[in-house]
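# Topology and contacts: notes
Read off the chains here:
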Amino acid sequence: MFSLVDVSSVGTPLPLIHDSHTLQATAARARAYALLATHFAGSGHPGGSLSVMDVETALYFGVMRHDPSNPYWPARDRLFVSGQHKCPAQYAVMGLAGYFAVEDFAAGLRLLGSPFQGHPDWLKLPGIEMSGGSLGQGLSVAVGSALAARLDGAHYRVFCIMGDGEQQEGSVWEAAMSAAHYGLDNLCAVVDCNGLQIDGRVDDVMPIAPLADKYRAFGWHVFEVDGHDFGQLLDAFSKAAESKGKPSVILARTSKGKGVSFMQDQAGWHGKAPNDEQLKAALCELGLSSLLTPQLVAKAKAARDAVAREYGTLVPPTLRPHWWNTETLMKAEFVPTRKGFGKSLSRIGADERIVALGADISESICIYDFCKDHPDRKARFLSMGIAEQNMTTVAAGLAKEGKIPIIGSYGVFVTGRNWDQLRTTVCYGNLNVKVAVGHGGISVGPDGATHQSLEDLALLAVLPNMTVLSPCDACEAERATESAVLQVRGPAAIRFAREATPVITDARTPFVLGLANVYRFTSEAPRFSDAFDVCLSRDFVPACKEDVVLVSSGPEFAEALRAAYILEKDHGIRCRVINLHTLKPLDEEAIRSAARDVGCIVTAEEHQVGMLGNLVAGVCAKSAIPVKMAMVGVPDRFGESAQPWELVWKYGLAAEHIANEALQLLEKTPREPADSVSATLKGERS
């Protein structure tokens, strides 16, 4: 479906357009396609895409030397978009410029297998200059590109678009300092100053003013313009090209959601797709209702149906006979684990020692539940802006003075971007900082690889003094949060997911930090959770001989339980299922007992394969217990944009895949599941 333009060896720059009316009409059309794309995708970031659309239209059609038929033309100007959640703007403008059929983008945004990822991947889409999605990094990449041009004697210009909230990231100012130091007059940055970020107004969350004075103080030429006035934009780009000895920055005053009255200047439209009626109203305001054609609607539906048939809810029933809530019995409620985290914070937040620190996605990860219904606590909620490193070390200072700070963000940002702060300041000092690892695993789905946290548990578990919890459902997340915050003295991290997942525990389910729970299927029941006996590992006594042990944690544990159900019901294979909700300290005795008693273990994790698996294998090896093992997880690769449950099938994380690994390990004949790129590591370990 997705046909890209072939790359030729000849560079023929696109003719530049300087007529404001033509550029306005082009930008309006690009806005319409961006809205169509986010609507069909059911997710995305329309607000910022509409605010930056005029800037990108001016660059692609009125400023940059580039050739859509040869995206890698060496003499081309380079554009690095640092705030890459606004990629619908870039995709739409690139499509209209001729890099690909713009209808392909409109129909295929954030779709599994599509080059139009939720955050761009330059390896999948020619014309994109950098893969990314973590704010604050684009300007540094642009500095490197501009330095390369100087070293090579090349004459291309380098552009970088950032957001105004992004200026809260310290790395922006490191890049700004280096660009001025090297006198990179071939570099021009643009700041999309729409005044809003996820948590509200930039001036309220973490003010960046006076931005012009700051850039001048850092040694930059500064131009301030109306970011929706093409005359002013083109004039500023021209002056920047003529300015010598310093890099230039254009501060473009824009309006989030520009062009659509009900979206304009509304923070709520940062990451929400328009529904049918909203889309029609928006296209009507743009005067482009004609773009919503039956053919485009059919194209988008066909693309999604094709994915669903292969990986989604339309997977043939013969390959998933016991899929969630498809049977008369074994029903489960689905609730995101992050809700349990928020519920716990709301309850325990009365403790005056607790301080919560947000990093611009506070509502999404539920850390704002700490004070949402408790206005008296708002003084103890500190909005730190888009600045995970600063948030972490500020929390260290609070902990040193006796507070219990809880920091939170997406898993990729709060465990990766600030890893050195966690290591050197928090863990080395054994400070009582709690880390909320939001949207762990593949749960963010359509946002794609940059936001899918598949390395976080390994990064955390390797840190001395760090306690690591990965609760299996919302109820367990609530209890794990309370334990981590109020029982653990020292650093602790709790990982939870965005997507709704099965609830398999309740208030009666035992929970002791550091002790695994052991499950055993008994018989089918109206509620899935009632089909299993559960006890603490120290209390477990095998009722009969078991054939295989399934070990898991987090929401993936529900799939391990369902795999046990499949194995016993369809194959007569008895399973012991271990929930390692605490990954550090690890319940080694539960693993040793399972290895000695059964000798056959399958681990399952929603993570790069081997984190959990290698922990289990290490215990067996250290104890010199011979055991046959297989590991199920994501196979040493980055994720991609798709719906979360499509990715469960794509990466072989479903119960059907776990069951098949057990069957293969037991040398039984497995029933083939849906095609996947599941990672499995099998062999003798001792």
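About the criteria used
Residues numbered from 1 in each chain as written. Predicted model: local features only at pLDDT ≥ 70, side-chain atom pairs only at ≥ 80, totals over all residues. Heavy atoms only, no water. Buried < 20%, exposed > 50% of the residue type's maximum accessible area, 1.4 Å probe, protein only. Helix = DSSP H or I, 4+ residues; strand = E, 2+ residues; numbered from the N terminus. Pairing = 2+ DSSP bridges. Axes fitted to C-alpha atoms, helices over the stretch in contact; angles between N-to-C directions. Parallel < 35°, antiparallel > 145°, perpendicular 65-115°, else oblique. Left-handed = near helix turned anticlockwise from the far one by under 90°. Contact = heavy atoms within 4.5 Å. Nonpolar A, V, L, I, M, F, W, Y, C, P; charged D, E, K, R; others polar. Core = buried A, V, L, I, M, F, W, Y, C linked by side-chain atoms within 4.5 Å. Polar contact = N/O pair within 3.5 Å; in protein donor to acceptor, adjacent residues only side chain to side chain. Salt bridge = Lys/Arg side-chain N within 4 Å of Asp/Glu carboxyl O. Expected span 1.5 Å × (residues − 1). Arc of directions from axis to C-beta.

This part covers the pairing of strand β16 (residues 517–521). Counting buried residues along β16, 5 of its 5 residues qualify, which places the element largely inside the surrounding structure. Here β16 shows no split at all, with N517, Y519 and F521 on one side and V518 and R520 on the other all buried. The sheet contact formed by β16 and strand β17 (residues 532–536) spans 5 bridges and is antiparallel. When the bridges of β17 are listed, V518 appears paired with C535.

Moving on to the packing of helix α19 (residues 556–571) against helix α23 (residues 655–665). At a closest axis distance of 8 Å, the pairing of α19 and α23 adopts a crossing angle of 55°. The orientation of α19 relative to α23 falls into the category oblique. In terms of crossing hand, the pair formed by α19 and α23 is right-handed. Within the contact between the two elements, α19 uses E556, E559, A560, R562, A563, I566, L567 and H571 and α23 uses A655, E656, I658, A659, A662 and L663. A class-by-class count of the residues in the contact of α19 with α23 yields 9 nonpolar, 1 polar and 4 charged.

In this structure, L550 and L580 are the most contacted members of the largest nonpolar core, which totals 103 residues. It is α19 that contributes the most residues to this core, 9 residues altogether. When sequence neighbours within four positions are dropped, the list of residues in contact with L550 reads A560, A563, A564, L567, C575, R576, V577, I578, V602 and I658. By size, the runner-up hydrophobic cluster in this structure holds 66 residues, among which are L59, A89, V225 and A300.

With that out of the way, let us pick up the sheet that holds strand β12 (residues 434–438). Spatial ordering of the open sheet is given by β10-β9-β11-β12-β14-β13-β20, a layout of 7 strands whose pairing is mixed. Each edge of the open sheet is held by one strand with a lone partner, namely β10 (381–383) and β20 (582–584). Adjacent strand axes in the sheet meet at a mean angle of 20°, parallel and antiparallel pairs treated alike. Inspection of the sheet shows β12 paired to strand β14 (residues 492–495) by 4 bridges, in the parallel sense. Among the inter-strand pairings, K434 is bridged to a residue of β14, identified as A492.

On to the side chain of N432. Its location among the elements puts N432 in the loop between α16 (419–427) and β12. A relative accessible area of 7% places N432 in the buried class. One polar contact links N432 to K434, side chain to side chain, over a distance of 2.6 Å. Within the local environment of N432, its side chain forms a polar contact with the backbone nitrogen of G490, the two atoms lying 3.0 Å apart. Beyond its immediate sequence surroundings of up to four residues, N432 is in contact with A399, K403, I404, P405, V488, R489, G490 and P491.

For the structure on display, the rule yields 34 salt bridges. With a shortest N-O distance of 2.8 Å, R76 and E129 are connected by a salt bridge. Note that R76 is positioned in the loop between α2 (46–63) and β1 (78–81) and E129 in the loop between α4 (102–108) and α5 (138–152), a separation of 53 residues in sequence. For the residue pair R76 and E129, the accessibility class agrees, reading buried in each case. Several salt bridges share partner residues, and in doing so they unite E588, E589, R592, R596 and K622 into one network.

Right, let's talk about helix α9 (residues 230–242) for a bit. For α9, with 13 residues, the first-to-last C-alpha span of 18 Å sits near the 18 Å given by 1.5 Å per residue. Along α9, the residues that are buried comprise F230, L233, L234, A236, F237 and A240. Seen from one end, α9 has its buried residues packed into an arc of 160°, which puts them on one side. Next to the buried residues of α9 lie α1 (20–41), α2, β2 (158–163), β3 (187–193), β6 (221–226) and β7 (248–253). For α9, the N-terminal capping position is held by D229, with its side-chain oxygen 2.9 Å away from the main-chain nitrogen of G231.

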